[in-house]
Amino acid sequence: MIELAGLTKRYGERTAVDGLTFSVRPGRVTGFLGPNGAGKSTTMRMILGLDHPTGGSVRIDGMPYERLPEPLTAIGALLEARAVHPGRTAHDHLLCLAQSNGIPLRRIDEVLELVGLTAVARKRPKSFSLGMGQRLGIASAMLGDPRILMFDEPVNGLDPEGIHWVRQLMKQLAADGRTVFVSSHLMSEMALTADHLVVIGRGRLLADTSMARFIEENAHTFVRVCTPEPERMRDVLAAAGLPVREGEDCLEVPGSQAPRIGELAAEHGLVLHELTLRRASLEEAFMRLTRGAVEYQAHAAEHGPQAQGG
Amino acid sequence: MDTTTAGRVLRSEWTKITSVRSTVWTLAAAVVVTVALGMLISLLIRNTFDELSTADRITFDPTLTSFAGTSLGQLAMIAFGILVVSGEYSTGLIRASLSAVPRRGLLMAAKLTVATALALAVGTATSFLAFFGGQAMLGDHRTTLGEPGVLRAVFGGGLYMGLIALFAMGATWMLRSPMLSFGVLMPFFFLVSSILANVPATEKLGRYLPDQAGQRVMSVVEADDRPYGPWGGLGIMALWVIAALLGGYLLLKKRDA
């Protein structure tokens, strides 16, 4: 389990991570979602003790990272694909890591096999593609057979087959009862893998909820109704007891009653230019959520200096 | 438990250093350049010895002459020091390394220990090879290990090589980027330091620069009026090294990786 308490990181005036408090629990994939620059990578680096927090703390299974006796056997992380020396073979890279944490050396071949790099184990990573680098990074994370895994944008640079493989791997790791914490800036990616969702924007926590609940709350369906006589249409729909709202250029009726609306229009001799069933994508829901954070900040700024920290 | 951890990290750092070609090549270059250039200059001196001024002949130092290749060979040692440390920073590997060994002081100490041991071993071998090779070229003007001060100078030459590599490591830990480290250290030790030590205006200060002071340990005949002896000179160099390492350590502790 990873526990963050009031985790804050400031670079001079700019607050990159702002009082984050949440826990990442075992047995499920927790998606860490936020637009680029929201503070995801900074948070992950602080979890590993690489960046020093300005405030707050992180605990890995109840302990600060620095105090873990063999950290790679407790938590494995993929931060960036290229965190290898270009002139050190994949095998030797893993060997250095294994030796430093007293990890049995047979694990090297096991993880190379797992990520499909056995054939290039003795090759130097400077010739590796981005995807192969990513696989080597995942192998490094898995080396100590840790109970907690953390991946920063793991599908970056992977081909479709690789992406599928990473998704399956994460689900499998969670099914084993491990803690899996994975960041992405793509809601669609998270929708396919995550069971739980932590959303941040501008370093602040925006949501900490199960994926199912997030979908339920945000994936509304509605019918888009376009007509040259919106006023009359609105009355007709209202009379039929259907809630109507103003869309961007047409009317929107929550729900999926497209046939009913079509029939009503025919009954009243209304011309329809468009009648479509739409589903608000999770991507839009996510954008709405994060846009809110931006607005909140702009709003706060109007009332004098913004309160820092939290 | 703690000795186990230290032992593991040392072994890991040994693997790191020996599993890349650049470290092997730079160390090999340090040997070849120092020895070959020393022999060449020794040979040239022997052939032109009679043309030297009386003063130069009186203060002729066959030991120091055989170390004439050090000025160039040390650049390979400096490159070794830079590469050992900057290899962590050029690619973000330092994050993987610190994830594995979160105690930063331990990681740094292990890397310095392994790299310095290697530099000292190679440096001492280089020193002896340069001495014997140089003396062989000097013919009648040669000296032997048995002469006073000579053995000290030869061992000192090895220590000098180890210290210059260690200084480069400390400085690189502050500068982090390989480009920046090469850009600062190479011109400094190749040009700037010897200019400062030879231009009358800066001569007095220049003698206290790490390489200028440290190289004193390799001379047997006192040719100028330096205010420090061979060990004093090496001591001054050691102070520079300690300062560089301390700076590197404090920044490593303080900075985000």
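Worth saying up front: this structure is predicted, and the values here are computed from it rather than measured. (Residues numbered from 1 in each chain as written. Chains lettered and ligands numbered in written order. Predicted model: local features only at pLDDT ≥ 70, side-chain atom pairs only at ≥ 80, totals over all residues. Heavy atoms only, no water.)

**Considerations on the overall build of chain B**
The criterion, for reference: A run of H or I in DSSP counts as a helix once it spans at least four residues, and a run of E counts as a strand once it spans at least two, with each numbered from the N terminus. Throughout, the radius of gyration refers to the C-alpha atoms, and the reference size of a globule is 2.2 Å times the residue count to the power 0.38. In this scheme, a residue with accessible area under 20% of its type's maximum is buried, one over 50% is exposed, and one in between is partly exposed, where area comes from a 1.4 Å probe on protein chains only. Here a residue-residue contact requires only that any non-hydrogen atoms of the pair lie within 4.5 Å. As used throughout, the charge tally considers Lys and Arg to be positive and Asp and Glu to be negative, leaving His and the chain termini uncounted. For charged residues, the charge sits on one atom: NZ in Lys, CZ in Arg, CG in Asp, CD in Glu.
Counting its regular elements, chain B contains 12 helices and zero strands. Along its sequence from the N terminus, chain B presents helices and strands in the succession α-α-α-α-α-α-α-α-α-α-α-α. Over its C-alpha atoms chain B spans a radius of gyration of 19 Å, differing by no more than 12% from the 18 Å that the globule rule assigns to 257 residues. Each of the three principal axes of chain B carries a C-alpha extent, and together these read 65 × 35 × 30 Å. Of all 257 residues assigned to chain B, the portion counted as buried reaches 51%. Here the contacts in chain B between residues at least 6 apart in sequence split such that 76% fall between residues at least 24 apart. Positive and negative side-chain charges of chain B, numbering 20 and 15 respectively, have mean locations separated by a distance of 15 Å.

**Concerning the state of the cysteines**
Residues and elements named next belong to chain A. Which entries qualify depends on this criterion: Criterion for a disulfide: a pair of cysteine sulfur atoms within 2.5 Å.
Going through the model one piece at a time under the given rule, you end up with one disulfide over all chains. Here Cys226 is linked by a disulfide to Cys250, with a sulfur-sulfur distance of 2.0 Å. Judged by the torsion about the S-S bond (100°), the Cys226/Cys250 disulfide is right-handed. Here Cys226 is found in strand β10 (residues 221-226), whereas its partner Cys250 is found in the loop between β11 (245-246) and β12 (251-254), with 24 residues between them in sequence. No difference in accessibility class separates Cys226 from Cys250, as the two residues are buried.

**Structural notes on the nonpolar core**
Residues and elements named next belong to chain A. Quick reminder of the rule: Joining through side-chain atoms within 4.5 Å is the link that ties buried Ala, Val, Leu, Ile, Met, Phe, Trp, Tyr and Cys residues into a set, and such a set is a nonpolar core.
Among the nonpolar cores identified, the biggest contains 135 residues, and Ile2, Ile75 and Phe151 are the most heavily contacted of them. Other than its neighbours up to four places away in sequence, Ile75 contacts Ile2, Ile47, Leu48, Ile60, Tyr65, Leu68, Pro146 and Ile148. Residues Val223, Ala258, Ile261 and Ala265 belong to the second largest nonpolar core, which totals 13 residues.

**Examining helix α9 (residues 230-239) of chain A**
All names here are of chain A. What counts, and what does not: The arc in question is traced by the directions running from the helix axis to the C-beta atoms.
For α9, the set of buried residues is Met233, Val236 and Leu237. Taken end-on, α9 shows its buried residues confined to a sector of 95°, consistent with a single buried face. Counted as exposed and oriented over 90 degrees from the buried face of α9: Glu231, Asp235 and Ala239. In this fold, the buried residues of α9 make contact with β10, β12 and α10 (258-267). Directly after α9, the chain includes Gly241, whose backbone phi takes a positive value near 80°.

**Brief notes about the pattern of salt bridges**
Any two side chains of opposite charge can pair, on the condition that their charged atoms come close. What counts is decided by this rule: By convention in these notes, a salt bridge is any Lys or Arg side-chain nitrogen within 4 Å of a carboxyl oxygen on Asp or Glu.
The full count for this structure, using the stated rule, is 21 salt bridges over all chains. Between B:Glu88 and B:Lys16 there is a salt bridge, with the nearest N and O atoms lying 2.7 Å from each other. Taken together, the residues B:Glu88 in helix α5 (residues 70-89) and B:Lys16 in helix α1 (residues 2-18) connect sequence positions 72 residues apart. In this pair, the class of B:Glu88 matches that of B:Lys16, namely buried. Note that B:Arg207 is salt-bridged to B:Glu203, the shortest N-O span being 3.4 Å. The class of B:Arg207 is buried, set by a relative accessible area of 9%. Here the salt bridges do not stand alone but share partners, grouping A:Arg224, A:Asp249, A:Glu274 and A:Arg278 into one network.

**Looking at the domain arrangement of chain A**
Definition in use: Domain start and stop positions are those given by an automatic or database domain assignment.
Here the domain parsing of chain A yields domain 1 (2-216) and domain 2 (220-279). Using C-alpha coordinates to define each centre, domain 1 of chain A is positioned 46 Å away from domain 2 of chain A.

**Quick notes on the UniProt feature "transmembrane region" (unreviewed entry) in chain B**
Stated precisely, the cut-off is as follows: UniProt positions are given in the numbering used here, feature names are shortened, and annotations may be inferred rather than shown by experiment.
Residues annotated in UniProt with the feature "transmembrane region" (unreviewed entry) correspond here to residues 24-45, 65-85, 106-133, 153-175, 182-201 and 231-252 of chain B. When the span residues 65-85 of chain B is considered, its composition is 86% helix and 0% strand, and the gap between its end C-alpha atoms is 32 Å.

**What to know about the interface of chain A and chain B**
Note the following rule: When two parts are brought into contact, each loses some accessible area as probed by a 1.4 Å sphere; the total of that loss over both is the buried area.
Opposite the 33 residues of chain A that make contact, chain B presents 29 residues. Its largest share of buried area at the contact with chain B, chain A owes to A:Leu50, A:Arg88 and A:Gln99, together 22% of the area lost on that side. Applying the counting rule to chain A against chain B returns two salt bridges. The residue B:Asp256 makes a salt bridge to A:Lys9 at a minimum N-O spacing of 2.7 Å.

**A closer look at the side chain of A:Ser183**
All names here are of chain A. Where we set the bar: Here a polar contact means two N or O atoms within 3.5 Å. Within protein one must be a hydrogen donor candidate and the other an acceptor candidate, and residues neighboring in sequence count only if both atoms are side-chain atoms.
Note on placement: Ser183 falls in strand β7 (residues 179-184). The buried category is assigned to Ser183, whose relative accessible area is 1%. Here Asp152 takes part through its side chain, which lies 2.5 Å from a polar atom of the side chain of Ser183. Here Glu153 takes part through its backbone nitrogen, which lies 3.1 Å from a polar atom of the side chain of Ser183. With residues up to four places along the chain from it excluded, the contact list for Ser183 reads Phe32, Lys40, Met44, Phe151, Asp152, Glu153 and Pro154.

**Examining a nonpolar patch on the surface**
All names here are of chain B. The line we're drawing: A patch consists of residues exposed above 30% relative accessible area that lack any salt bridge, with like charges linked at up to 9 Å and nonpolar side chains (Val, Leu, Ile, Met, Phe, Trp, Tyr) linked at up to 5 Å. Only the protein chains shown count as cover for residues, with accessible areas throughout obtained via the Shrake-Rupley method and a probe of 1.4 Å.
Together, Leu72, Phe190, Leu191, Val192, Ile195, Leu196 and Val199 make up an exposed nonpolar region whose accessible area comes to about 540 Å². For the nonpolar patch, the element with the highest residue contribution is helix α9 (residues 178-198), accounting for five residues. Within the secondary structure, Ile195 sits in helix α9. Given the relative accessible area of 46%, Ile195 is considered partly exposed.

**What about the sheet that holds strand β8 (residues 196-201) of chain A?**
Residues and elements named next belong to chain A. To be explicit about the condition: In this description, strands pair whenever DSSP reports at least two bridges between them. In this description, a line fitted to the C-alpha atoms serves as the axis of each element, helices being fitted only across the stretch in contact, and the angle between N-to-C directions of two axes falls anywhere from 0 to 180 degrees.
Taken in spatial order, the six strands line up as β5-β6-β7-β3-β8-β9 in an open sheet, and their pairing is mixed. The sheet is open, and its two borders are formed by β5 (75-78) and β9 (204-210), each paired with just one other strand. Here the average twist between neighbouring strands, direction ignored, is 15°. Docked against the sheet, helix α5 (residues 130-142) engages β5 and β6 (148-152), running at close to 170° with respect to β5.

**A few points about the pairing of β6(A)**
Remember that side chains alternate between the two faces of the sheet whenever the strand is regular. All names here are of chain A. Burial analysis of β6 places five of its five residues in the buried class, the great majority of the element. Alternating residues of β6 divide into Ile148, Met150 and Asp152 and Leu149 and Phe151, and every residue in both groups is buried. Relative to β7, β6 is paired through five bridges, and the arrangement is parallel. Directly across from Ile148, in β7, lies its bridge partner Thr179.

**Observations regarding unusual backbone geometry**
Located in the positive-phi region is A:Arg202, a residue other than glycine, with phi close to 50°. By the secondary structure assignment, A:Arg202 is in the loop between β8 and β9.

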